[in-house]
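Topology and contacts: notes
Residues per chain are reported as follows:
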Amino acid sequence: MNSVLARSINLPSKYGAASRITTVRCLASKIEDIQTHTGQKWNSDDYRLVRFTNAPKQVNQNWAVNLIAAVPSKEVTERIVWCDGGSGPEGHPRVYINLDKPGDHSCGYCGLRFIKKEHH
Ligand SMILES: [Zn+2]
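Quantities reported herein were computed from a predicted structural model and do not represent experimental measurements.

Further remarks concern the coordination of the zinc ion. Note on metal geometry: ideal angles are 109.5 degrees for four donors arranged tetrahedrally and 90 or 180 degrees for six donors arranged octahedrally. Those donors, Cys83 (SG), His92 (NE2), Cys107 (SG) and Cys110 (SG), are the protein atoms that reach the zinc ion, and they lie 2.0 to 2.3 Å from it. Coordination geometry of the zinc ion: the four donor atoms subtend angles of 105 to 112° at the metal centre, consistent with an arrangement described as tetrahedral. The sequence pattern formed by the donor residues of the zinc ion is C-x8-H-x14-C-x2-C. Taken together, the residues Cys83 in strand β5 (residues 80-83) and Cys110 in the loop between β7 (104-106) and β8 (113-116) connect sequence positions 27 residues apart. We classify Cys110 as partly exposed; its relative accessible area is 27%.

Here we come to the pattern of salt bridges. This structure, assessed with the given rule, holds four salt bridges. With a shortest N-O distance of 2.9 Å, Asp46 and Arg48 are connected by a salt bridge. The class for Arg48 is partly exposed, based on a relative accessible area of 31%. A salt bridge links Arg113 to Asp104, with the nearest nitrogen and oxygen atoms 3.6 Å apart. Relative accessible area serves as the criterion here: at 36%, Asp104 is assigned to the partly exposed category.

Before going further, it helps to examine the nonpolar core. In terms of nonpolar packing, the biggest core is built from seven residues, these being Val76, Val81, Cys83, Ile97, Leu99, Cys107 and Phe114. Residues in contact with Leu99, not counting those within four places in the same chain, are Val76, Glu78, Arg79, Val81, His105, Phe114, Ile115 and Lys116.

Scoring rules and cut-offs
- Residues numbered from 1 in each chain as written.
- Predicted model: local features only at pLDDT ≥ 70, side-chain atom pairs only at ≥ 80, totals over all residues.
- Heavy atoms only, no water.
- Donors = N, O, S within 2.8 Å, 3.2 Å for Na, K, Ca; no water.
- Tetrahedral: all angles 85-135°; square planar, octahedral: opposite > 155°, others 65-115°.
- Helix = DSSP H or I, 4+ residues; strand = E, 2+ residues; numbered from the N terminus.
- Buried < 20%, exposed > 50% of the residue type's maximum accessible area, 1.4 Å probe, protein only.
- Salt bridge = Lys/Arg side-chain N within 4 Å of Asp/Glu carboxyl O.
- Core = buried A, V, L, I, M, F, W, Y, C linked by side-chain atoms within 4.5 Å.
- Contact = heavy atoms within 4.5 Å.

So yeah, pure geometry; function would need other evidence.
See the structure below:
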């Protein structure tokens, strides 16, 4: 039977409510692998797990798809909005998004969502 130590590190709240990094250290010869965001997970007897005998495997639990889903849609009154992902090095090329169809529309680069506020 494997002896596994698991530890979670909480990150600042700007990364979302469920912000944590889990590290798992296995003390026995068999190592339980953690599934990554790409779905990669090896059997406990796979030779590639030998790299984690002295150092724990670190898997980020904050998948981008979950983080961007936690950001609420931005209500706007215009028919067409643009998004550049914020200014500076964290941004992306400016794209224009048409909001004529109902529902919210997401930016293809950063995933921010926009929804047209109805006028009454
Ligand atoms: Zn964007």
